[in-house]
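Structural features, examined
Next come the chains, spelled out residue by residue.
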2 protein chains.
Amino acid sequence: MSTKPRRVTIHDVAKHAGVSAQTVSRVLNDHPDVSEATRARVQRAIAELRYRPSAIARSLIKRASGMIGVVASGFHFFGPAQLLAGIERQATELGWQLMLQVATDPSDYDRVATTLIAQQVEGVIWAYPELSSDRERAFHQQLRPHAPILFLSMEAGSGEAVLSVDNRLGARLAVEHLIARGRRHIGLITGPLTLWSAQQRRLGWEDALASAGLPHTERQVVQGDWSAESGCRGLRALLQQYPELDAVFVSNDQMALGVLYAAHQLGLRVPKDLSVVGFDNMPESACFIPALTTVHQDLFALGQLAVREMDRVIRARRAGKQAAIAPLMLQPRLVVRESS
Amino acid sequence: MSTKPRRVTIHDVAKHAGVSAQTVSRVLNDHPDVSEATRARVQRAIAELRYRPSAIARSLIKRASGMIGVVASGFHFFGPAQLLAGIERQATELGWQLMLQVATDPSDYDRVATTLIAQQVEGVIWAYPELSSDRERAFHQQLRPHAPILFLSMEAGSGEAVLSVDNRLGARLAVEHLIARGRRHIGLITGPLTLWSAQQRRLGWEDALASAGLPHTERQVVQGDWSAESGCRGLRALLQQYPELDAVFVSNDQMALGVLYAAHQLGLRVPKDLSVVGFDNMPESACFIPALTTVHQDLFALGQLAVREMDRVIRARRAGKQAAIAPLMLQPRLVVRESS
DNA sequence: CGTTAAACTGTGATCGTTCACGGGATTTTT
DNA sequence: AAAAATCCCGTGAACGATCACAGTTTAACG
């Protein structure tokens, strides 16, 4: 096979068009001070040589990489996948490249931070939904001098920019709905309680029970891991420790699927014997048996919003100004279907 | 707030350690010709200044970005998400950065190719599962001189490196299973037939029917779009145009969920009145009602394999050698559950 | 017609790192 | 003991683009 060809550079284009590299650069960047004739000649040269400017060389001199770092956890769950999709879409539209870093454990933070700094990202969207601990903050401090950080779905720390969905409100809507349907023994299957979003959903459940004057005990709560299978186990455990159960709020749709399955196996009829409400509103939820009542949260929009905010902050920063991100909570809404 | 601080460079470290930049570079890259004492001094300086070498400057001089481009389509479906997860994992392990490009339409190819070339990726994993047409090949040709390309789950073109799962075999296994269960009127709900994987699954269905001596007609086939909702519509359409239906092979699990839902609504009992087999084996499938018989394909492993192969090819290329990727098909396997 | 401004284009330095090369100090070889 | 080899470290150029500045040509004005 042929050997690796030398890259076409701006100088090749310049020579081919009979101008200087600077002029080619001006054409590339739409600077005004180029005559129409020259511009056309340069553009023809670019096309003929199939020249593509090196983003790397450009980043080096401009001290701006055009990249946004995204720190996320596994996208085998609906939420993170949706969020990432929104981020990706908006980033592409605004011309940003994403440097995706998957963290599966806080021990990854060091590697992630090192990589993001080395790649000189201009901003970081931190979508890894860990509880904010001192340990993590230390890493964030490492990152902060290099790039603004935007947190998604986390606890709002002091002076940190956080965007999220109002998980607590969503959960409350769900549980209030169950109460309105006459249920009084409402169980809860949570996500991993190390996560802020899972904690918030639990608080929402408590809020609703409290404002209806219903007491709650630990017997009503089981912790899952977001997976369908854990929802399945969760319902069995719940029935054992809290037999009077007549409804469950499940902290995500995937676990709710497991709950429906377990209920079916145990001969419980949903919603007659047991009402079920989920959280996420993934497209599949409408096809669960029975179709799932759930809380809709627009994580795609949240991802888009995050990138738009980041874009704003970075532009300000490039211009030497300082821009703050206004913390924001998106409102979820209840989607009522057959399971309640 | 404070102004943006100047980046710590290799020269700062050199000055701080009382050596030249070249020596610092040698320490960074584990070159032998540095005395232990100097090495230690440099490392201390690095730590004290929290110095992180600029990946950008390094890429420029080395003419190697350490990045692999990944072209994929939306990860709201299980397959692509799984694939991406595998790619990501292996890339992190081998120290590659990913430049993720999401294509939603062939019209995106130009932007994607331009970006990947500009970022100087050293290899491209093309996981966007479009049918290979001449139009696309042209874009691949554009990319090829810059970086080796590895295709996933596509038609093997002339001399192109393709890794995939044997979709056709998987589908055949599924349908043979239905035949072995005594079904004779086996419908098919396909994915978008512009996609190679969907075509292959259709061929597998035909294979199995043919080798069992069963004829098939167009009435037995409906096209979906991978979504649960389309599976739902699909079953209704199928029953209308082919009332003798006693089993369906559905080309992915998400559509199979829709099929189960529609069957339930129509009062069909699965598997008594209608057997259903899916494709993917997503974790949730075990919790469908009834639990879904499906074809397991290890896309995570495929993604990992793709990166390992790419790593091998790039290393060879850097060393001036030429390495080919051996085309490979992973074997799927049938997972029998309650729906058949 | 000379002066000034505007329009256009080129030169050299620069971003942060590594490569190619060279040279001095120390050790080993004959 | 001189020559050769080894070890250790530094200098200047290079990667491919842009920035700051300066120069040349053309148009506009009094």
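See the structure shown above.
The following paragraphs examine the structure supplied in this document. (Residues numbered from 1 in each chain as written. Chains lettered and ligands numbered in written order. Predicted model: local features only at pLDDT ≥ 70, side-chain atom pairs only at ≥ 80, totals over all residues. Heavy atoms only, no water.)

Within the largest apolar cluster, 63 residues are counted, with the highest numbers of intra-cluster contacts made by A:Val248, A:Val276, B:Val248 and B:Val276. For this core, the secondary structure elements donating two or more residues are α10 (228–241), β8 (247–250) and α11 (253–265) of chain A together with α10 (228–241), β8 (247–250) and α11 (253–265) of chain B. Beyond its immediate stretch of four places on either side in the chain, B:Val248 contacts B:Leu178, B:Gly187, B:Leu188, B:Ile189, B:Leu235, B:Leu238, B:Val259, B:Leu274, B:Ser275, B:Val276 and B:Val277. Core analysis: the second largest hydrophobic core is formed by 61 residues, A:Ala72, A:Leu100, B:Leu302 and B:Val313 among them. (Core = buried A, V, L, I, M, F, W, Y, C linked by side-chain atoms within 4.5 Å. Buried < 20%, exposed > 50% of the residue type's maximum accessible area, 1.4 Å probe, protein only. Helix = DSSP H or I, 4+ residues; strand = E, 2+ residues; numbered from the N terminus. Contact = heavy atoms within 4.5 Å.)

Below, the discussion takes up the packing of aromatic side chains. For the coordinates displayed, the defined rule picks out six aromatic pairs over all chains. Considering the side-chain rings of B:Tyr109 and B:Tyr128, the 5.8 Å spacing of their centres and the 90 degrees angle between planes classify their relative orientation as edge-to-face. Taken together, the residues B:Tyr109 in helix α6 (residues 109–118) and B:Tyr128 in the loop between β3 (123–126) and α7 (134–143) connect sequence positions 19 residues apart. B:Tyr128 carries the same exposure label as B:Tyr109, and that label is buried. Its guanidinium or amino end placed over the ring of A:Phe279, A:Arg201 lies 3.9 Å from that ring's centre, counting from NZ or CZ. (Phe/Tyr/Trp six-rings, centres within 6.5 Å; stacked < 30°, edge-to-face > 60°. Lys NZ or Arg CZ within 6 Å of the ring centre and 35° of its normal.)

Around DNA strand C there are 26 residues in total, and A:Thr38, B:Ile10, B:His11, B:Gln22 and B:Tyr51 lie nearest to it. Looking at DNA strand C alone, sugar and phosphate atoms form 61% of those within 4 Å of the protein. A distance of 2.4 Å separates a phosphate oxygen of DNA strand C from a polar atom in the backbone of B:Ile10. At the level of elements, α2 (21–28) and α4 (55–62) of chain A together with α1 (10–17), α2 (21–28) and α4 (55–62) of chain B are the ones that each hand at least two residues to the surface near DNA strand C. The dominant element in the surface near DNA strand C, judged by the number of residues it contributes, is α4(B), at four residues. Counted by class, the surface near DNA strand C contains nine nonpolar, 11 polar and six charged residues. (Near = heavy atom within 4 Å. Polar contact = N/O pair within 3.5 Å; in protein donor to acceptor, adjacent residues only side chain to side chain. Nonpolar A, V, L, I, M, F, W, Y, C, P; charged D, E, K, R; others polar.)

This part covers the pairing of strand β6 (residues 186–190) of chain A. Residue and element names in this part refer to chain A. Counting buried positions along β6 yields five of five residues, so the element is predominantly enclosed. Side chains of β6 alternate between two faces, with Ile186, Leu188 and Thr190 and Gly187 and Ile189 buried alike. Pairing of β6 with β8 involves four bridges; the strand directions are parallel. Across the sheet, residue glycine 187 finds its bridge partner in β8, namely valine 248. Running through helix α9 (residues 196–211), the crossover from β6 to the neighbouring parallel element strand β7 (residues 221–223) is right-handed. (Pairing = 2+ DSSP bridges. Right-handed = clockwise from strand over helix to strand, strands pointing away.)

Of the two same-sequence chains, chain B is brought onto chain A (RMSD 0.1 Å, axial shift 0.0 Å) by a rotation of 180 degrees. These values place the two chain copies in the arrangement generated by a two-fold rotation axis. Using C-alpha coordinates, one finds that chain B approaches the rotation axis most closely at B:Ile56, a distance of 3.0 Å. Residue by residue, 96% of the interface of chain B is reproduced at the interface of chain A, so both copies engage with the same surface. (Least-squares fit on C-alpha atoms with pLDDT ≥ 70 in both.)

Near DNA strand D there are 27 residues, and of these A:Ile10, A:Gln22, A:Ser25, B:Thr23 and B:Thr38 occur at the shortest range. Those atoms of DNA strand D that come within 4 Å of the protein belong to sugar or phosphate at a rate of 61%. Within the backbone of A:Ala57, an N or O atom sits 3.4 Å from a base nitrogen of DNA strand D. If you list the elements that add at least two residues to the surface near DNA strand D, you get α2 and α4 of chain A together with α2 and α4 of chain B. Residue composition of the surface near DNA strand D, grouped by class: 10 nonpolar, 10 polar and seven charged.

Across all of its chains, the model carries two cavities of 30 Å³ or more by this definition. In this structure, the largest cavity encloses a volume near 90 Å³. Lining the largest cavity, in full, are A:Ala55, A:Ile56, A:Ser59, A:Met67, A:Gln119, B:Ala55, B:Ile56, B:Ser59, B:Ser65, B:Met67 and B:Gln119. At the level of elements, α4 of chain A together with α4 of chain B are the ones that each hand at least two residues to the lining of the largest cavity. (1 Å grid on protein atoms, 1.4 Å probe; cavity = no way out; pocket = protein on both sides within 12 Å on 5 of 7 lines; lining within 4 Å. Points joined across faces, edges and corners; volume = space filled by probe spheres on them.)

A word on the side chain of A:Gln297. In this structure, A:Gln297 sits in the loop between β10 (293–296) and α12 (299–318). A polar contact of 2.8 Å, which involves the side chain of A:Gln297, links it to the side chain of A:Asp280.

The partner chain A presents 55 residues to the 57 residues of chain B that form the contact. Together, the buried faces of chain B and chain A total about 5,000 Å²; carbon and sulfur atoms form 63% of this surface. Linking chain B with chain A are 10 residue pairs in polar contact (both at pLDDT 80 or more), by the criterion used here. Elements that contribute at least two residues to the side of chain B that touches chain A include exactly α4, α5 (78–94), β2 (97–102), α6, α10 and α11 of chain B. Take the side of chain B that touches chain A: its biggest share by element is seven residues, from α11(B). (Buried area = accessible area lost by both parts, 1.4 Å probe.)

Under the criterion given, the structure shown has 25 salt bridges over all chains. Two residues, A:Arg312 and A:Glu309, come together in a salt bridge whose shortest N-O distance is 2.8 Å. Highlighted residues: A:Arg312 and A:Glu309, both in helix α12, separated by three residues, approximately one helical turn. Looking at A:Arg312, the relative accessible area reads 39%, which means it is partly exposed. Judged by relative accessible area, which is 15%, A:Glu309 ranks as buried. A salt bridge links B:Glu36 to B:Arg39; the nearest nitrogen and oxygen atoms lie 3.8 Å apart. Within this pair, B:Glu36 and its partner B:Arg39 are both found in helix α3 (residues 36–49), separated by three residues, close to a single helical turn. We classify B:Glu36 as exposed; its relative accessible area is 59%. (Salt bridge = Lys/Arg side-chain N within 4 Å of Asp/Glu carboxyl O.)

Here we come to the sheet that holds β10(A). Residues and elements named next belong to chain A. Taking strand neighbours across the sheet as the criterion, the six strands line up as β7-β6-β8-β9-β10-β12 in an open arrangement whose pairing is mixed. Each end of this open sheet is capped by a strand with a single partner; those strands are β7 and β12 (333–335). The mean angle between the axes of side-by-side strands here comes to 20 degrees, regardless of whether they run parallel or antiparallel. Of the pairings in the sheet, the one linking strand β9 (residues 275–280) to β10 comprises four bridges and is parallel in character. Across the sheet, glycine 278 pairs through a bridge with threonine 294, a residue of β10. Running over the sheet, α11 touches β6, β8, β9 and β10 and is turned about 155 degrees from β9. (Axes fitted to C-alpha atoms, helices over the stretch in contact; angles between N-to-C directions.)

Residues and elements named next belong to chain B. The strand order across the open sheet built from six strands is β7-β6-β8-β9-β10-β12, with neighbouring strands paired in mixed fashion. Two strands bound the open sheet, and with one partner strand each, they are β7 (221–223) and β12 (333–335). Pairwise comparison of adjacent strand axes, ignoring direction, gives a mean angle of 20 degrees for this sheet. Pairing of strand β6 (residues 186–190) with β7, which is carried by three bridges, proceeds in the parallel orientation. Counterpart to threonine 190 in the pairing with β7 is glutamine 223. Sheet strands in contact with helix α8 (residues 167–180) are β6, β8, β9 (275–280), β10 (293–296) and β12, and its direction is about 165 degrees off that of β9. Its contacts with the sheet place helix α9 (residues 196–211) against β6, β7, β8 and β9, and it is angled at close to 170 degrees to β6.

The values are spatial; any link to function lies outside them.
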